[in-house]
Amino acid sequence: MLLVQLSDPHIVEPGERLLGGIDTARFLREAIEHVNRLDPQPDLVLLTGDLVNEGRPEEYAHLRELLSALHAPFHLVPGNHDLTAALRAAFPDHVHGEAGRADGVIDGPLRVVTLDSSRYPEPGGSLDPEQLEWLDRTLGAAPDQPTVVAVHHPPFATGIAHMDTMALDAGSAAGLAAVIAGHPQVERVLSGHLHRHIVRRFAGTIAMTAPGTAHAVNLDLGNGRAAWNHEPPALLLHLWTPSGGVVTHLEVIGDHHPVSFV
Ligand SMILES: [Fe+2]
Ligand SMILES: [Fe+2]
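Remember, it's a predicted structure, so these values are computed and weren't measured experimentally.

**Quick look at the nonpolar core**
So, step 1. Core analysis: the biggest nonpolar cluster contains 31 residues, and Val45, Leu63, Leu67, Leu76 and Phe91 have the highest contact counts within it.
So, step 2. For this core, the elements supplying multiple residues, two or more each, are β1 (2–6), α1 (24–37), β2 (44–48), α2 (57–67), β3 (74–77), α3 (84–90) and β12 (234–241).
So, step 3. In this structure leucine 63 touches Ile11, Leu28, Leu51, Val52 and Phe91, once residues within four positions along its chain are discounted.
So, step 4. With 23 residues, the next largest nonpolar core counts Leu139, Val151, Val179 and Val186 among its residues.

**Here's the deal with the sheet that holds strand β6 (residues 147–151)**
So, step 1. With mixed pairing, the six strands of this open sheet are ordered in space as β4-β5-β6-β7-β9-β8. Among the strands making up the open sheet, the edge pair consists of β4 (104–106) and β8 (198–202). Each strand axis lies, on average, 20° off the axis of its neighbour in the sheet, ignoring direction.
So, step 2. Here β4 pairs with strand β5 (residues 111–115) via three bridges, running antiparallel. Looking across to β5, one finds that valine 105 is bridged to valine 113.
So, step 3. Its contacts with the sheet put helix α4 (residues 129–140) on β4, β5, β6 and β7 (186–191), and the angle it makes with β5 is roughly 175°.
So, step 4. In this fold helix α6 (residues 170–181) packs onto β5, β6, β7, β8 and β9 (205–209), with an angle of close to 60° to the strand it touches most, β8.

**Quick word on unusual backbone geometry**
So, step 1. Following aspartate 39, the chain continues to proline 40 via a peptide bond in cis, the omega torsion being 10°.
So, step 2. Proline 121 follows tyrosine 120 through a cis peptide bond whose omega is 5°.
So, step 3. If you trace the backbone, proline 121 turns up in the loop between β5 and α4.
So, step 4. With a phi close to 50°, histidine 257 is a non-glycine residue in the positive phi region.

**Thoughts on the pattern of salt bridges**
So, step 1. In the structure shown here, the tally under the stated rule is 10 salt bridges.
So, step 2. Note that glutamate 58 and arginine 56 form a salt bridge whose closest N and O atoms lie 4.0 Å from each other.
So, step 3. With a closest N to O distance of 3.9 Å, arginine 101 and aspartate 116 form a salt bridge. Residue arginine 101 is located in the loop between α3 and β4, and its partner aspartate 116 is located in the loop between β5 and α4; the two are separated by 15 residues in the primary sequence.
So, step 4. The class of arginine 101 is partly exposed, set by a relative accessible area of 31%.
So, step 5. A relative accessible area of 0% places aspartate 116 in the buried class.
So, step 6. Linked by salt bridges that have partners in common, Glu13, Glu54, Arg56, Glu58 and Glu59 make up one network.

**Focus: α6**
So, step 1. For α6, with 12 residues, the first-to-last C-alpha span of 16 Å sits near the 16 Å given by 1.5 Å per residue.
So, step 2. On its buried face, α6 is in contact with β5, α4, β6, β7, β8 and β9.
So, step 3. Capping the start of α6, aspartate 169 holds a side-chain oxygen 3.0 Å from the backbone nitrogen of glycine 171, two or three residues further along.

**Quick notes on the coordination of the iron ion (ligand 2)**
So, step 1. At the metal site, the iron ion (ligand 2) is ligated by Asp50 (OD), Asn80 (OD1), His152 (NE2) and His193 (ND1), and these contacts range over 2.1 to 2.2 Å.
So, step 2. Note that the iron ion (ligand 2) binds four donor atoms; their angles at the metal cover 88 to 159°, and the shape is irregular.
So, step 3. Binding-site remark: the iron ion (ligand 2) is held by donors from one chain whose sequence spacing is D-x29-N-x71-H-x40-H.
So, step 4. Between the two metal centres, the iron ion (ligand 2) and the iron ion (ligand 1), the spacing is 3.6 Å, with aspartate 50 acting as a shared donor. Of this pair, asparagine 80 sits in the loop between β3 and α3 while histidine 152 sits in the loop between β6 and α5 (161–164), and the two are 72 residues apart along the sequence. Each of the two residues, asparagine 80 as well as histidine 152, counts as buried.

**Some remarks on the coordination of the iron ion (ligand 1)**
So, step 1. Only Asp8 (OD), His10 (NE2), Asp50 (OD) and His195 (NE2) from the protein reach the iron ion (ligand 1) as donors, at distances of 2.0 to 2.2 Å.
So, step 2. Each of the four donor atoms around the iron ion (ligand 1) contributes to a set of angles spanning 87 to 174°, which defines the coordination as irregular.
So, step 3. In primary sequence terms, the donor set of the iron ion (ligand 1) follows D-x1-H-x39-D-x144-H.

About the thresholds
Residues numbered from 1 in each chain as written. Chains lettered and ligands numbered in written order. Predicted model: local features only at pLDDT ≥ 70, side-chain atom pairs only at ≥ 80, totals over all residues. Heavy atoms only, no water. Core = buried A, V, L, I, M, F, W, Y, C linked by side-chain atoms within 4.5 Å. Buried < 20%, exposed > 50% of the residue type's maximum accessible area, 1.4 Å probe, protein only. Helix = DSSP H or I, 4+ residues; strand = E, 2+ residues; numbered from the N terminus. Contact = heavy atoms within 4.5 Å. Pairing = 2+ DSSP bridges. Axes fitted to C-alpha atoms, helices over the stretch in contact; angles between N-to-C directions. Salt bridge = Lys/Arg side-chain N within 4 Å of Asp/Glu carboxyl O. Expected span 1.5 Å × (residues − 1). Polar contact = N/O pair within 3.5 Å; in protein donor to acceptor, adjacent residues only side chain to side chain. Donors = N, O, S within 2.8 Å, 3.2 Å for Na, K, Ca; no water. Tetrahedral: all angles 85-135°; square planar, octahedral: opposite > 155°, others 65-115°.

So this is what it looks like as structure tokens:
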């Protein structure tokens, strides 16, 4: 099973630009073209939040138009820029649940469990005790099934100070760790939010963030001001095979013209 993870497209209304000039729609188009060129095609494309920039229906309509070009099935996880109700109204078939939090399961050889950490318009995230209880029951129902858990806010501090101030709250991260630690079939905790690839050991598994499809958060491990940059957008490919488990690749988006060795 091949799972592609895209994150943080931050789509705005047609013709608008983000942060004074970023054409996020063009970047998402390029990401979709990249995914459409993959051979083999992914079984699922998971977008891990900040799907639009202000949670507005007009933005979700634009996102829907852009995603209509994607050949593979896709699923959407809300981020802090998303309003779950508006997201669900635009994508009733691509978001979990009919009301409340967008938590749910996509069954397959690699089981995908999604958690809604968004608290729009708060930049930080949290998970309710009921969500963690649901996660514990859900993971407990399929203990032998390799699983990834997707949640927009990573459950760990990254060292990028201004992003760590808008993290998953400490109680939620500790609660998530306690649940995950009890379910060793969890192969990954997959997040977005950071607009760059970061990996950490977490509760007996591996937690990581995906790069964004558009702008990157500047890598600043000092105490600099919040900044973004034009690093090449990238995606993550999580390949699961029965003999090899889950292997994760980062791939820079674009056509890089492969040349045969022979
Ligand atoms: Fe974001
Ligand atoms: Fe975010």
